[in-house]
Amino acid sequence: MSFPALVEPADELTVDEVRRYSRHLIIPDVGMAGQKRLKNAKVLVIGAGGLGSPALMYLAAAGVGTLGIVEFDEVDESNLQRQIIHGQSDVGRPKAVSAKESVHEINPLVEVVVYEERLDNDNVLSVFEGWDLIVDGTDNFATRYMVNDAAYFLKIPYVWGSIYRFDGQASVFWPHAVKEDGESADAPCYRCLYPEPPPPGMVPSCAEGGVLGVLCASIGSIQVNEAIKVLTGAGEPIVGKLMIYDALEMEYRKLRVRKDPKCALCGENPTVTGLIDYDAFCGAVSEEAADAAAGSTISVVQLEHMLKEREEGSRDFVLVDVREPNEFEINRIPGSVLIPKGDFLNGSALEQLPSVDSGTQVVLHCKSGVRSAEALAVLKGAGYDDSVHVGGGVVAWVNQIDPSQPAY
């Protein structure tokens, strides 16, 4: 399905711009008019991480006149495996500043607007106001739903991407799109594809499950490709389609996504008519896990004291790491045994633990405290009433107790 160009062309290209973008200008589907549209375009990129890095670099190289960067985080050494807009010398610096400098190094003709703040209900509409297109490089469900809803309310199309391990997805959500003949395209929004977020803890984040670095470039470049098509009117953007990429099998699939007439946002009888509490909607942990963790969460300082008492023989407990084996190889809390969270969910973990009436307390931990809270709910349900979990997990242990171990 073809759509009219989103942006009007700029008045002219300078001699320097003609030289810089000459390989675009000789493509009939882009040409002088398309490049002028790119020059006149304003594209906001959410995140300067795995997806935002290649997106920002290629949008800048393509000649998008104004780029916005929304990013509140700092560059960490673990980012460098995939967030190629940053370098070793940028570790510890604000990602937004690092990304802006890299964009200007690629193309000094691009104007860059930086938002060094976390997107939330209080600022998202004001940040989005005035931009032609949004490229979404976020990595959590709460922000994705907020971006979708805010873009819908402001009638701004956005290009979405998602990555995990070897798998990636991309689409263009543009519910207000009209076809070249002026008729409504009946295009879906993100909620049409995913009406509800997955249950808390069901889908690990990239920080928990990992991601192949080069996958970010694959999906990020698809996002830029679609952004250029939407801005210039070239080709057929993947509006109403979902691109799925399997890097292990080197396989692309394209699925059709229809507008859902019952969609809570863009359907015939919408129930979402304003921004909502997205953290509550998506949930960091399940209600069962939150209930289990209430009053049964200890700090790493408390755990360190408990481990010393266990060494002295004055205390008896088993410390269980519920992460995955490859994570256990990177770093660990001394004296812990590995029983992955999946074993708790399928019930096999109970066979590996002391019996309920043994008097031995079970202490759980994971990377940050989310997975261990979910496992704790299983233990509480099985009668291990005195079991606890470690708030902050291995991250807190490395930061506060044992900084000699590597973080990840």
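We now turn to the structure provided with this report.

What counts and what doesn't
- Residues numbered from 1 in each chain as written.
- Predicted model: local features only at pLDDT ≥ 70, side-chain atom pairs only at ≥ 80, totals over all residues.
- Heavy atoms only, no water.
- Helix = DSSP H or I, 4+ residues; strand = E, 2+ residues; numbered from the N terminus.
- Buried < 20%, exposed > 50% of the residue type's maximum accessible area, 1.4 Å probe, protein only.
- Contact = heavy atoms within 4.5 Å.
- Areas by Shrake-Rupley, 256 points an atom, 1.4 Å probe, with all protein chains shown as cover.
- Lys, Arg positive; Asp, Glu negative; His and termini not counted.
- Charge placed at Lys NZ, Arg CZ, Asp CG, Glu CD.
- Pairing = 2+ DSSP bridges.
- Axes fitted to C-alpha atoms, helices over the stretch in contact; angles between N-to-C directions.
- Patch = residues over 30% accessible without salt bridge, like charges linked within 9 Å, V, L, I, M, F, W, Y side chains within 5 Å.
- Salt bridge = Lys/Arg side-chain N within 4 Å of Asp/Glu carboxyl O.
- Core = buried A, V, L, I, M, F, W, Y, C linked by side-chain atoms within 4.5 Å.

Assigned secondary structure in the protein consists of 17 helices and 13 strands. With respect to the principal axes defined by its C-alpha atoms, the protein has extents near 80 × 50 × 40 Å. Within the span of the protein, comprising 408 residues, buried residues form 49% of the whole. Within the protein, contacts between residues separated by at least 24 positions form 68% of all contacts whose residues are at least 6 apart in sequence. Total accessible area on the protein is roughly 18,800 Å²; 50% of this is exposed by carbon and sulfur atoms. The average position of the 34 basic charges and that of the 59 acidic charges among the side chains of the protein differ by 6 Å.

In this section: the environment of Ile-244. Mapped onto the elements, Ile-244 comes out in strand 7 (residues 241-246). Remark: the alpha-carbon pair of Ile-244 and Gln-361, spanning 117 residues in sequence, is separated by 45 Å. Apart from the residues lying within four places of it in its own chain, the contact partners of Ile-244 are Gly-168, Gln-169, Glu-251, Tyr-252, Arg-253 and Leu-255.

For the rest of this paragraph, the subject is the sheet that holds strand 11 (residues 336-338). The 5 strands lie next to each other as 9-13-12-10-11, forming an open sheet whose pairing is parallel. Either end of the sheet is taken by a strand with one partner, and the two such strands are strand 9 (297-298) and strand 11. As paired elements, strand 10 (residues 317-321) and strand 12 (residues 361-365) share 5 bridges and run parallel to each other. In the strand pairing of strand 12, Leu-319 is matched with Val-363. Contacts between helix 13 (residues 300-312) and the sheet are confined to strand 9, strand 10, strand 12 and strand 13 (388-390), with strand 10 contributing the most and set at about 130 degrees to the helix.

Another aspect to go through is the pairing of strand 8 (residues 251-256). As paired strands, strand 7 and strand 8 are joined by 6 bridges and run antiparallel to one another. When the bridges of strand 8 are listed, Asp-246 appears paired with Glu-251. Connecting strand 7 to the antiparallel partner strand 8 that follows it, the hairpin turn spans 4 residues, and Met-250 within it adopts a positive phi of roughly 50 degrees.

Our focus in this paragraph is a nonpolar patch on the surface. There is a patch of nonpolar side chains on the surface, built from Phe-166, Leu-212, Val-214 and Leu-248 and spanning about 350 Å² of accessible area. Relative to the helices and strands, Leu-248 is located in the loop between strand 7 and strand 8.

This next bit is on the sheet that holds strand 6 (residues 167-173). The mixed open sheet is built from 8 strands, whose spatial order is 3-2-1-4-5-6-7-8. In this open sheet, the two edge strands, each paired with only one partner strand, are strand 3 (111-115) and strand 8. Ignoring strand direction, the axes of neighbouring strands in this sheet form an average angle of 15 degrees. Sheet topology places strand 1 (residues 42-46) next to strand 2 (residues 66-70); 5 bridges connect them, and they run parallel. Bridge pairing in strand 2 places Leu-44 opposite Gly-68. Across the sheet, helix 7 (residues 141-154) lies against strand 4 (133-136) and strand 5 (158-164), angled at about 170 degrees from strand 5, the strand it touches most.

So, about helix 17 (residues 393-400). Looking at helix 17, one finds that the buried residues are Gly-393, Val-394, Ala-396, Trp-397 and Val-398. Structurally, helix 17 contributes buried residues whose contacts are with helix 13, strand 12 and strand 13.

To continue, consider the pattern of salt bridges. In a structure, side chains of opposite charge can pair up when their charged atoms sit close to one another. Applying the stated rule across the entire model yields 10 salt bridges. Its salt-bridge partner being Arg-19, residue Asp-16 comes within 2.4 Å of it at the nearest N-O pair. Of this pair, Asp-16 and Arg-19 both sit in helix 1 (residues 15-20), 3 residues apart, which is roughly one turn of the helix. A relative accessible area of 56% means that Arg-19 is categorised as exposed. Note that Asp-73 is salt-bridged to Lys-95, the shortest N-O span being 3.9 Å. Linking Asp-73 in the loop between strand 2 and helix 5 (95-106) with Lys-95 in helix 5, this pair joins segments that are 22 residues apart in sequence. Salt bridges here are not isolated pairs; linked through shared partners, they connect Asp-90, Arg-93 and Glu-101.

This next bit is on the nonpolar core. Soluble globular proteins: nonpolar side chains tend toward being buried together. In terms of nonpolar packing, the biggest core is built from 37 residues, with Val-43, Leu-56, Leu-59, Val-64, Leu-67, Val-103 and Leu-231 touching the most fellow members. If you list the elements that add at least two residues to this core, you get strand 1, helix 4 (52-62), strand 2, helix 5, strand 4 and helix 10 (213-232). Filtering out sequence-adjacent residues up to four positions away, Val-103 remains in contact with Leu-56, Ala-60, Leu-67, Ile-85, Val-110 and Val-112.

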